[in-house]
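# Fold and contact review
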Amino acid sequence: VQRSRSRDEYTNTAVQPSGQSRRIPTPRRRFFILSMVGVNRTRTLLLMRWSSRLSPRMSAAPTPQQQGIVTDMAARRTDTRDRMIRSAVRLFQRHGYVGTTMLQVVEDSGASRGSIYFHFRGGKEELAREVLDRSRRDVVKLAHRCAERATDPSETVLRLADVLADGMRNSGFVEGCAAATMALEMTPACEVLRAACDGYFVEWQRALSLHFLDAGMPRTRAQVLASVAVSTLEGALILARTSLSTTPLDVAGTELSALVSASLPLGRDRSPKGSEAA
Amino acid sequence: VARQSNTQARMVEAGEQLLSERGYGNVTMIEVVDKAGAPRGSIYYHFPGGKEDLATKVVAKVGEEAVQLVDWVATKTEGPEAFLHLLIERHRKRLERSDFAQGCAMMGIMVNASTQSEPLRAAAADAFSSWINAVAQGLTSKGVQPGVARRAAATFVAGVEGAILVSRTTRSVAPFSLLAGVVPGLLTSGDT
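Thresholds, definitions, all that
- Residues numbered from 1 in each chain as written.
- Chains lettered and ligands numbered in written order.
- Predicted model: local features only at pLDDT ≥ 70, side-chain atom pairs only at ≥ 80, totals over all residues.
- Heavy atoms only, no water.
- Helix = DSSP H or I, 4+ residues; strand = E, 2+ residues; numbered from the N terminus.
- Rg over C-alpha atoms; globule rule 2.2 N^0.38 Å.
- Buried < 20%, exposed > 50% of the residue type's maximum accessible area, 1.4 Å probe, protein only.
- Lys, Arg positive; Asp, Glu negative; His and termini not counted.
- Charge placed at Lys NZ, Arg CZ, Asp CG, Glu CD.
- Contact = heavy atoms within 4.5 Å.
- Areas by Shrake-Rupley, 256 points an atom, 1.4 Å probe, with all protein chains shown as cover.
- Phe/Tyr/Trp six-rings, centres within 6.5 Å; stacked < 30°, edge-to-face > 60°.
- Lys NZ or Arg CZ within 6 Å of the ring centre and 35° of its normal.
- Axes fitted to C-alpha atoms, helices over the stretch in contact; angles between N-to-C directions.
- Parallel < 35°, antiparallel > 145°, perpendicular 65-115°, else oblique.
- Nonpolar A, V, L, I, M, F, W, Y, C, P; charged D, E, K, R; others polar.
- Buried area = accessible area lost by both parts, 1.4 Å probe.
- Salt bridge = Lys/Arg side-chain N within 4 Å of Asp/Glu carboxyl O.
- Polar contact = N/O pair within 3.5 Å; in protein donor to acceptor, adjacent residues only side chain to side chain.
- Expected span 1.5 Å × (residues − 1).
- Left-handed = near helix turned anticlockwise from the far one by under 90°.
- pLDDT = per-residue confidence, 0-100.

### Examining the overall build of chain B
Within chain B, the secondary structure is distributed over 10 helices and 0 strands. Secondary structure elements of chain B, listed N to C terminal, follow the sequence α-α-α-α-α-α-α-α-α-α. Here the C-alpha atoms of chain B give a radius of gyration of 18 Å, agreeing with the 16 Å that 2.2 N^0.38 yields for 192 residues. Overall, the C-alpha framework of chain B stretches about 60 × 35 × 30 Å when taken along its three principal axes. Taking all 192 residues of chain B together, the buried fraction comes to 56%. Of the charged side chains in chain B, 20 are positive and 19 negative, and the gap between their average positions amounts to 4 Å.

Written out as structure tokens, the structure is:
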């Protein structure tokens, strides 16, 4: 009894109400057994998938206690996943897609090595898509936050450039834009990532153009300025990183802000900042 | 000696193409020599410092060509607006010719090599600043105030690089024409 209980935690022994225990092989054990039978790896994995369907644990409804464990594990699982994505964003910003290994992500986030393909079945590409997704939401949020604190869109652009410059300076000029690094490395090669990078730029532009429209700028002009602002800030990020100075972002910020302010309808507050910047 | 420098030039050429397509981390020296049709043994003969060495030469070449292009465009155009428009046009055409595969090698190198190699970063910083200076000079020669010209040139170069980046991902040259649309504003914004 003592032995079977101690084995309990490791071998996934299901304790039956009757007191008898029946051992359900863990995936690892199942893999071992099947590989001993002498089938190759692919077939073993297929057989594993098939045999896991037969596993009684799968069909049996979980007890409330088990349920609790399951939700607890699910929470921990999303937490680990989240930490891994956050680490990956930073690492991709620094080293790019190719320069970042899954192992680095695991080490940086403090997750276990085995968790890589548990959380990201699709491997690095899936992780990269999550990174782009996260960065896209962050940059849209950033645009809205800058707009909320600004009195008019020209100030929004100025604030946006300031925040980007701060990020650059604080990281010691090594953390650029994750989407830009991936776009430059993977664009013709990987269609999935190209589309995700595309989404990043488009959403950012849309967020800005909404605020330009709100301030009464004509629609086409708002779209032109929003996309020029996004691409110029992206270019300025790379220049800043290269020159180890925030000057490119500061200059681009003030120039873009003056462009925006010149396109705002008269009668609105034509921001003294625009002329101050010039 | 002529053939030697020829091989090296071909390798730099091939390196530029590959680096602008895929970035620094994604290119190996083997690919470069294969693309250049040079023997593999020639890698460390021509570039004792390996990839870093090659990339530094690519950066120097790209920077020089960018400045030459600016000077050439300056002689071909009258007025600051036409000058910037033609520059945008040239960069757009270059990207289109490669079917959005080749952007700017300098960007491809810098986007993740700046954390790896300080000499490379310094070389790229020099190249970018001489490019910006050339544009500023071109603008000044066309009657733009020096202060305005400098700011406009810095923004313009960032704008061109950004347009290359976004065009590649969206597979459309729209960012270039949009940039062209703000050129007049860029040149007057400093006066107000």
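From this point, the discussion proceeds with the structure in view.
### Some thoughts on the overall build of chain A
Within chain A, the regular secondary structure consists of 14 helices and 2 strands. When burial is assessed residue by residue, chain A has 47% of its 278 residues classed as buried. Pairs at least 24 residues apart make up 61% of the contacts formed inside chain A by residues separated by at least 6 positions. With an accessible surface of roughly 14,800 Å², chain A has 53% of that area assigned to carbon and sulfur atoms.

### Some thoughts on the packing of aromatic side chains
The tally for this structure, following the rule as stated, stands at 4 aromatic pairs over all chains. The ring of Tyr97 of chain A has Lys124 of chain A sitting right over it, with the charged end atom 4.8 Å from the ring centre. Just above the ring of Tyr24 of chain B sits the side chain of Lys51 of chain B; from NZ or CZ to the centre is 4.7 Å.

### Things to note about the packing of helix α4 (residues 51-76) of chain B against helix α7 (residues 118-141) of chain B
Residue and element names in this part refer to chain B. Where α4 contacts α7, the two axes come as close as 9 Å, and the packing angle between them is 0°. Between α4 and α7, the interaxial angle falls into the category roughly parallel. Facing Glu52, Ala55, Thr56, Val59, Gly63, Ala66, Val67 and Val70 of α4, the residues of α7 in contact are Pro119, Leu120, Ala123, Ala124, Ala127, Ser130, Trp131, Ala134 and Val135. The class makeup of the residues in the contact of α4 with α7 is 13 nonpolar, 3 polar and 1 charged.

### Considerations on the interface of chain A and chain B
Taken residue by residue, the interface counts 43 residues in chain A and 41 residues in chain B. Here chain A packs against chain B, burying approximately 3,600 Å² in sum over the two surfaces, 68% of which is carbon and sulfur. On the chain A side of the contact with chain B, Leu184, Thr242 and Glu255 of chain A bury the most area, a combined 20% of that side's loss. Summed over the shared surface of chain A and chain B, the result is 1 salt bridge. Arg151 of chain B is the salt-bridge partner of Glu255 of chain A, the closest N and O atoms lying 3.3 Å from each other. The tally of links from chain A across to chain B stands at 5 residue pairs in polar contact (both at pLDDT 80 or more).

### Overview of the pattern of salt bridges
Side chains that differ in charge, positive against negative, can pair when their charged atoms come close. This model, assessed by the stated rule, comprises 26 salt bridges over all chains. The shortest N-O distance in the salt bridge between Arg81 of chain A and Glu126 of chain A comes to 3.7 Å. Placement of Arg81 of chain A in helix α5 (residues 64-99) and of Glu126 of chain A in helix α8 (residues 123-149) is noted, with a sequence separation of 45 residues between them. On the accessibility criterion, Glu126 of chain A (18% relative accessible area) is buried. Beyond isolated ion pairs, a larger network of salt bridges with shared partners links Glu13, Glu16, Lys61, Glu65 and Arg94 of chain B.

### Some remarks on helix α12 (residues 219-243) of chain A
If you check α12 of chain A, its first and last C-alpha atoms are 36 Å apart, about what 25 residues at 1.5 Å a residue would give, namely 36 Å. Downstream of α12 of chain A by one or two residues, Leu244 of chain A has phi in the positive range, about 50°.

### A short note on unusual backbone geometry
Residues and elements named next belong to chain B. Backbone geometry places Asp99, a non-glycine residue, at a positive phi of 55°. In this model, Phe100 sits at a positive phi of 65°, which is unusual for a non-glycine residue. Tracing the backbone through its elements, the reader meets Phe100 in the loop between α5 (80-97) and α6 (105-113). Classification of Phe100 as buried rests on a relative accessible area of 10%.

### Things to note about the packing of α12 of chain A against α7 of chain B
Contact geometry of α12 of chain A with α7 of chain B gives a least axis separation of 8 Å together with a crossing angle of 125°. With respect to their mutual orientation, α12 of chain A and α7 of chain B come out oblique. Two packed elements cross with a definite hand, and for α12 of chain A against α7 of chain B that hand is left-handed. Contacts between α12 of chain A and α7 of chain B involve Leu239, Arg241, Thr242 and Ser243 of chain A from the former and Arg121, Ala124, Ala125 and Phe128 of chain B from the latter.

### Structural notes on the confidence of the model for chain A
Residue and element names in this part refer to chain A. Mean pLDDT over chain A works out to 80, with 68% of the residues at or above the 70 mark. Across residues 1-21, where pLDDT falls below 50, the model places 22 contacts with residues more than four positions away in sequence or in other chains. Overall, residues 269-278 carries pLDDT values under 50, and its contacts beyond four positions in sequence, including any with other chains, amount to 14 contacts.

### A look at the side chain of Ser154 of chain A
Residues and elements named next belong to chain A. One can find Ser154 in helix α9 (residues 153-170). Accessibility expressed as a relative area gives 2% for Ser154, which makes it buried. Only 2.6 Å separates the side chain of Ser154 from the side chain of Asp152, close enough to count as a polar contact.

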